[in-house]
Amino acid sequence: MQRAFSFLFICVVFALLAFKGTPKGPFPGYTPMANGTYFKQFVKGTGKITADSGGALFLKVKFRNQRDSVVLDVNVSAKMVSFPIMVSKPEFKGDFQDVFMKLHAGDSVGFFMLLDSLKQAYPGQFDFKTPAIDTLKYLGFFVKVDSVFTRAQVDTLRARETRTKAAEQAKQQKIQDVMNSVHTLATLKEPFLKDHNDSLLKPGLQRLGITSAPDEDGIYFMSLNNVTGPTCQLFQKVSVKYTGTYLDGTMFDSNELVPGQQLLTFTLGLDQMIPGFTKCIYKMHPGEKAVFVLPSAQAYRDGLTRVFTVEVVSAQNTH
């Protein structure tokens, strides 16, 4: 009888120990946090800093349900390799912001939160308009931290971005001012140039050093440097520097007047350009500079011959 009692006592002890070691809650292996949140760390990163309020995390994020099925891949949905999250003061203990403030670069974690708590604390942010998600009791976050920025680092980046934007605005204003001056002068001279367009052709060609005959379309073409290899091809994306003048040398357009002006980029055969310009680009090699003189019919059909000095900076296949 005593032996039987001892055996029964041992069985009870083992049962109690086994029960005590069994994880509590709906997510075995997860540590309970405040307000119904359950947390688990899969990988501990090597990062040393955490984000404070006003900081930022760049993440890979997937939302999962309690059956561990992915219900939304945030990065795929947003078409971002790394999704930015601004860190702010948690709305309640154990919410996702509370978790984010504890993470380091390289951490990989999972946590489940009561979806109703999230909806109440963050109105509109967790209304997915998808029954498969909106009817969940718990919303699972599975997160890999790519990088972490403190508030001070974010402020530094924002200040740098502000300076960059200001510099860009100043550059664009300078370009606009210069081009307004160019267009104003060209517009003033256009009536005289139209009246003398034919008589200006010969001296204009002499000034440019063009001695070759025009092609069947009346276009004069002269290369300014010796470049070999394949010429620009149909459907290539071509980027060029250019300056456009009239036969007397008056400039009417250019993307080379102010440092930082954008290249003219277009796809041969798809983007609409003036006919003579396109025809001449087909003759050019990447890296080549050339001058071409376009009669009005091959330019803007306004009675004015146009002269373009062009450098093909690049020509890239689009397929």
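We now turn to the structure provided with this report. Predicted model, so just to flag it, every value in this text is computed and none were measured.

1. Structural notes on the pairing of strand E2 (residues 38-43)
As a general feature of sheets, a regular strand has side chains that alternate between the two faces.
Item 1. Examined bridge by bridge, strand E1 (residues 31-32) and E2 share two bridges and lie antiparallel to one another. What sits directly across from Thr-31, in E2, is Phe-39.
Item 2. In this structure, the hairpin formed by E1 and E2 is closed by a connection of five residues, where Asn-35 is found at a positive phi of approximately 55 degrees.
Item 3. In the sheet, E2 pairs with strand E6 (residues 108-114) via five bridges, with the strands oriented antiparallel.

2. With respect to the nonpolar core
Note that soluble globular proteins tend to have their nonpolar side chains buried in a common cluster.
Item 1. Counting residues in each nonpolar core, the largest one holds 36 residues, and the members touching the most others are Val-238, Phe-277, Ile-281, Phe-292, Leu-294, Phe-308 and Val-310.
Item 2. Elements represented by at least two residues in this core include exactly helix H6 (151-195), helix H7 (197-208), strand E8 (220-223), strand E9 (237-245), helix H8 (275-283), strand E12 (289-294) and strand E13 (306-316).
Item 3. If we skip the residues at most four places from it in the chain, Val-310 touches Val-240, Lys-241, Tyr-242, Phe-277, Ile-281, Met-284, Glu-288, Lys-289, Ala-290 and Phe-292.
Item 4. Residues Val-61, Phe-63, Leu-118 and Val-148 belong to the second largest nonpolar core, which totals 29 residues.

3. Topic: the pattern of salt bridges
Item 1. Here the structure, examined in full by the defined rule, presents 11 salt bridges.
Item 2. A salt bridge links Asp-146 to Lys-60; its shortest N-O distance comes to 3.0 Å. One end of the pair, Asp-146, is in strand E7 (residues 138-149); the other, Lys-60, is in strand E3 (residues 56-64), with 86 residues separating them in the sequence.
Item 3. Looking at Asp-146, the relative accessible area reads 27%, which means it is partly exposed.
Item 4. Put simply, Asp-217 and Lys-279 hold a salt bridge, and the shortest N to O gap is 3.0 Å. With Asp-217 in the loop between H7 and E8 and Lys-279 in helix H8, this residue pair connects regions lying 62 residues apart in the sequence.
Item 5. Judged by relative accessible area, which is 33%, Lys-279 ranks as partly exposed.

Analysis parameters
Residues numbered from 1 in each chain as written. Predicted model: local features only at pLDDT ≥ 70, side-chain atom pairs only at ≥ 80, totals over all residues. Heavy atoms only, no water. Pairing = 2+ DSSP bridges. Helix = DSSP H or I, 4+ residues; strand = E, 2+ residues; numbered from the N terminus. Core = buried A, V, L, I, M, F, W, Y, C linked by side-chain atoms within 4.5 Å. Buried < 20%, exposed > 50% of the residue type's maximum accessible area, 1.4 Å probe, protein only. Contact = heavy atoms within 4.5 Å. Salt bridge = Lys/Arg side-chain N within 4 Å of Asp/Glu carboxyl O.

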